[in-house]
Amino acid sequence: MQLGPYTIDPPVLLAPMAGVTDKPFRMLVKRLGAGLCVSEMTTSDPRFWTTSKSLHRMDHQGEPAPISVQLAGTDPLVLAEAARYNVDHGAQIIDINMGCPAKKVCNVWAGSALMQNEPLVAQILEAVVNAVDVPVTLKFRTGWDAEHRNAPAIARIAEESGIAAIAIHGRTRDQQYRGEAEYHTIAQVKAERSIPVIANGDINSPQKAAEVLRYTGADAVMIGRAAQGRPWLPGQIAAYLQHGTLIPDPSPLQVRDILLEHLDRLHEFYGELSGVRIARKHLGWYAKDHPHAAEFRARVNRVEEAALQRRLTADYFETLADAA
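Residues numbered from 1 in each chain as written. Predicted model: local features only at pLDDT ≥ 70, side-chain atom pairs only at ≥ 80, totals over all residues. Heavy atoms only, no water.

A. Looking closely at the pairing of strand S6 (residues 68–72). Judged by how many residues are buried, S6 sits mostly within the fold: 5 of 5 residues are covered. Burial of S6 is two-sided: the residues Ser68, Gln70 and Ala72 facing one way and the residues Val69 and Leu71 facing the other way are all buried. Two elements, strand S5 (residues 42–43) and S6, share 2 bridges in a ladder whose sense is parallel. Paired with Thr43 across the strands is Ala72, a residue of S6. Direction of pairing for S6 relative to strand S7 (residues 93–98): parallel, over a ladder of 4 bridges. Across the sheet, Gln70 pairs through a bridge with Asp95, a residue of S7. (Buried < 20%, exposed > 50% of the residue type's maximum accessible area, 1.4 Å probe, protein only. Helix = DSSP H or I, 4+ residues; strand = E, 2+ residues; numbered from the N terminus. Pairing = 2+ DSSP bridges.)

Structural data, given as structure tokens:
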């Protein structure tokens, strides 16, 4: 898949997820085989650009190209200025968020709430595309609710505005993340539009990715929640799509090594105290479905020291290996 000067190969993307796809996680997933990793949602409001959270989200030092930064907002001029600012600070692709279903985002008419105002969508897309000389992509849902599935209309606006590619989550906003994703709307959009289409929603295995691509005709797949605690999943999907190879899940000792690398990156990026606390949710995801996971989570959630967090993590996965 081509995004401006960038070839996204393999066509397997990590979805932007607030509080998840930070720089340490993106770099790990990219190393393990993803073609592109999109940053967690960054505010377009300049009043918050100097906060600790925004500074971390805008830190792309050492990150492999291409660097894709997702922006959220409602004002075309503000979003355009935010796009320019982020490009000046390392962004090589700008992604616009019209898919987030969170109430605090939709209540200020950002995220997927924007799908209710198609004229404003056009104004935003045109403003951002004209503001920067890098590819601009758009992520949205199939619609606001089942009675207002207007993804085809949004896709038309996107193509006419000069958007380089669109990613569609196969749910409406009112579904949040409930129920099952549907791919018929994505297939309809792909049949009607000529720009690249990225399919997203419930893609949790190599076989499911291949099935979704066959059904929709999409140019790429985007992996979201299924990659939490499984940073190797996009790489597994890429291998299957490219070569038909089913790479087995890593052994407990391999997971240990991947997770210790992840912990080291988190501790370094955020500092020891914040890094340890941010790591806790990741540790829970990595341990999910393994024996004694609840006991492991209870122990590491009380830890405040990086060295002890690393040791308990190593001990847990080494114990799993011994029991295998």
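Alright, that's what it looks like, and here's the rest.
B. Structural context of the sheet that holds strand S3 (residues 12–14). As summarised here, the arrangement of the 9 strands in space is S4-S3-S11-S10-S9-S8-S7-S6-S5, forming an open sheet in which the pairing is parallel. The outermost strands of the open sheet, each flanked by one partner alone, are strand S4 (36–37) and S5. In this fold helix H3 (residues 76–88) packs onto S5, S6 and S7, with an angle of close to 155° to the strand it touches most, S6. (Contact = heavy atoms within 4.5 Å. Axes fitted to C-alpha atoms, helices over the stretch in contact; angles between N-to-C directions.)

C. A look at the packing of aromatic side chains. Evaluation of the coordinates by the stated rule reveals 6 aromatic pairs. Measuring from centroid to centroid gives 6.3 Å for Phe296 and Phe317, while their planes differ by 75°, and the two rings are edge-to-face. Placement of Phe296 in helix H12 (residues 293–300) and of Phe317 in helix H13 (residues 306–323) is noted, with a sequence separation of 21 residues between them. Each member of the pair, Phe296 as well as Phe317, carries the same accessibility label: buried. Each ring, one from Tyr316 and one from Phe317, has its centre 5.0 Å from the other, and the planes form 80°; the classification is edge-to-face. Among the aromatic side chains, those forming a connected cluster through ring pairs are Phe296, Tyr316 and Phe317. (Phe/Tyr/Trp six-rings, centres within 6.5 Å; stacked < 30°, edge-to-face > 60°.)

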